[in-house]
Amino acid sequence: MLRQLGRSMRRAVLCTAGLAAAALAVGAATVLPSAPWAPDGAAAEAQATTQATTQSATGAPVLPLFARTTDGRLYFYEPKGTGGFKPGVNLGGGFGDAKALFQAGFSESRAGRDIFFQLDTTLYYTAERGNDTKIHGTGWGIYNLTMSPGNMVGTTDEDVIGRDAAGALWLYQGRSTGTLATRIRIGTGGWNGMNALAGRGDYTGDGKADLLARSTDGTLHLYPGTGNATADAVLGPRVTVSTGWSGYKAIVSTGDNNGDGKADLIASDTAGALWLFKGTGQAAAPFQARVQIGTSGWGSFNTLF
């Protein structure tokens, strides 16, 4: 798997210049982001219907952690399965200008942990498994924050969320063809008051994926997912988790990190330490007390995803 990841990252770096030129040719100034790539033919559609997600025994996703240094190098961290990560693997450089880095599974029956990244207004995709490194859509400059919350609306495919300049939140539902459905609004406004979004799992114990958001005053909020792919009805009323999260440089979810079947949260602090907040599956108190899983050095990364 690490060898495949290394190849895909090197391929992405080599192809970026060509893809950027292609983005200009197809019109990167579109009003809305275009749909991403779609496999051709009935065989691809048939393969998509049999896709499976990497999960723990109880169904929570189990994902690696990617990290980018300030000089544009990507590192891959495989979860130990009991909390924390194995030593990082250097996947190569060339990602210093990329923004909106996030992972979502599309390749090889959704078993691959594929990388998405944005350059200027264009969103690119590189598959962990296979040979796909291409433009995934244009016009993404209308969003000042883009991420994947995993499977947010109850299908078997992962979704993408974007926040526009007016503070509205939009969701693109993933489809079995590898494309994204037409966007729907999931937040009418006020989301510019949030400086971080995370969430790849169920934090409330109701079987539906949820969204976490940190406000600029350091308060962490939980927005329960409803499982409905209906405009302005994807998220339920928010629950305040706790205050004091301004001391963390980054927050990110990699699903179930400690192997207990519940989605967790990971945060790096300004001193360079890494912390694990084990999930409880209870909306009123979704996390246990933090546990340190990295002693130092995490401050050298400007992006965790």
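Note that this is a predicted model, so its numbers are computed, not measured.

J.: Residues and numbers for the environment of Gly201, please.
T.: Among the structural elements, Gly201 can be located in the loop between strand E12 (194-198) and strand E13 (211-215). In the structure, Gly201 is positioned 61 residues away from Lys262 in sequence and 7.8 Å away in space, judged by C-alpha atoms. Excluding residues that lie within four positions of it along the chain, Gly201 makes contacts with Lys208, Ala209, Asp210 and Ala263.

J.: How would you explain the sheet that holds strand E16 (residues 248-252) if you had to name every residue and give the values?
T.: Judged by pairing direction, the sheet is antiparallel, and its four strands sit side by side in the order E16-E17-E18-E19 without closing on themselves. Only two strands of the sheet have a single neighbouring strand rather than two, namely E16 and strand E19 (291-294). This sheet shows a mean twist of 30 degrees between the axes of neighbouring strands, independent of strand direction. The pairing of strand E17 (residues 265-269) with strand E18 (residues 274-277) spans four bridges and is classified as antiparallel. Pairing of Ile266 across the sheet is with Leu276, part of E18.

J.: If you had to explain the pairing of E12 to someone new, which residues and values would you point to?
T.: Burial runs high along E12: four of the five residues are buried. Pairing geometry for E12 and E13, over four bridges, is antiparallel. Note that in E13 the partner of Ala196 across the bridge is Arg214.

J.: With reference to specific residues and values, describe the side chain of Gln103.
T.: Positionally, Gln103 belongs in strand E4 (residues 99-104). The exposure class of Gln103 is buried, given its relative accessible area of 3%. Of the polar contacts made by the side chain of Gln103, one reaches the backbone oxygen of Pro64; its length is 3.1 Å. Here Gln103 is in contact with Leu63, Pro64, Phe66, Arg113, Asp114, Ile115, Ser148, Glu158, Arg200 and Phe305, once residues within four sequence places are set aside.

J.: Could you give me a rundown of the sheet that holds strand E11 (residues 184-187), with the residues and numbers involved?
T.: In space, the four strands of this open sheet follow the order E8-E9-E10-E11, with antiparallel pairing throughout. The sheet is open, and its two borders are formed by strand E8 (143-150) and E11, each paired with just one other strand. Sheet twist, expressed as the average angle between the axes of neighbouring strands with direction ignored, equals 30 degrees. Relative to E11, strand E10 (residues 169-172) runs antiparallel, the two sharing three bridges. Bridging across to E11, Trp170 finds its partner in Arg185.

J.: Run through the environment of Met147, naming residues and quoting values.
T.: Looking at where Met147 falls in the secondary structure, it is placed in strand E8. For Met147, a relative accessible area of 8% corresponds to the buried category. Between the C-alpha atom of Met147 and that of Ala104, which follows or precedes it by 43 residues, the distance is 9.4 Å.

J.: Go over unusual backbone geometry with me, naming the residues and quoting the values.
T.: Glycine aside, residues mostly have negative phi, and peptide bonds are mostly found in the trans state. Even without glycine at this site, Asp120 takes up a positive phi of about 55 degrees. Mapped onto the secondary structure, Asp120 falls in the loop between strand E5 (114-119) and strand E6 (122-126). Positive phi outside glycine occurs at Asp232, with the angle close to 60 degrees.

J.: Quick one: what's the story with the pattern of salt bridges, residue by residue and with numbers?
T.: In total, this model carries three salt bridges according to the counting rule given. Note that Glu78 is salt-bridged to Lys86, the shortest N-O span being 3.6 Å. Of the residues examined, Lys86 reaches a relative accessible area of 37% and is grouped as partly exposed. Taking the shortest distance from any N to any O, the salt bridge between Arg185 and Asp232 comes out at 2.6 Å. Of the two residues, Arg185 is situated in strand E11 and Asp232 in the loop between strand E14 (220-223) and strand E15 (239-242); the sequence distance between them amounts to 47 residues. Among the residues examined, Arg185 registers a relative accessible area of 31% and is labelled partly exposed.

The rules behind the values
Residues numbered from 1 in each chain as written. Predicted model: local features only at pLDDT ≥ 70, side-chain atom pairs only at ≥ 80, totals over all residues. Heavy atoms only, no water. Helix = DSSP H or I, 4+ residues; strand = E, 2+ residues; numbered from the N terminus. Contact = heavy atoms within 4.5 Å. Pairing = 2+ DSSP bridges. Axes fitted to C-alpha atoms, helices over the stretch in contact; angles between N-to-C directions. Buried < 20%, exposed > 50% of the residue type's maximum accessible area, 1.4 Å probe, protein only. Polar contact = N/O pair within 3.5 Å; in protein donor to acceptor, adjacent residues only side chain to side chain. Salt bridge = Lys/Arg side-chain N within 4 Å of Asp/Glu carboxyl O.

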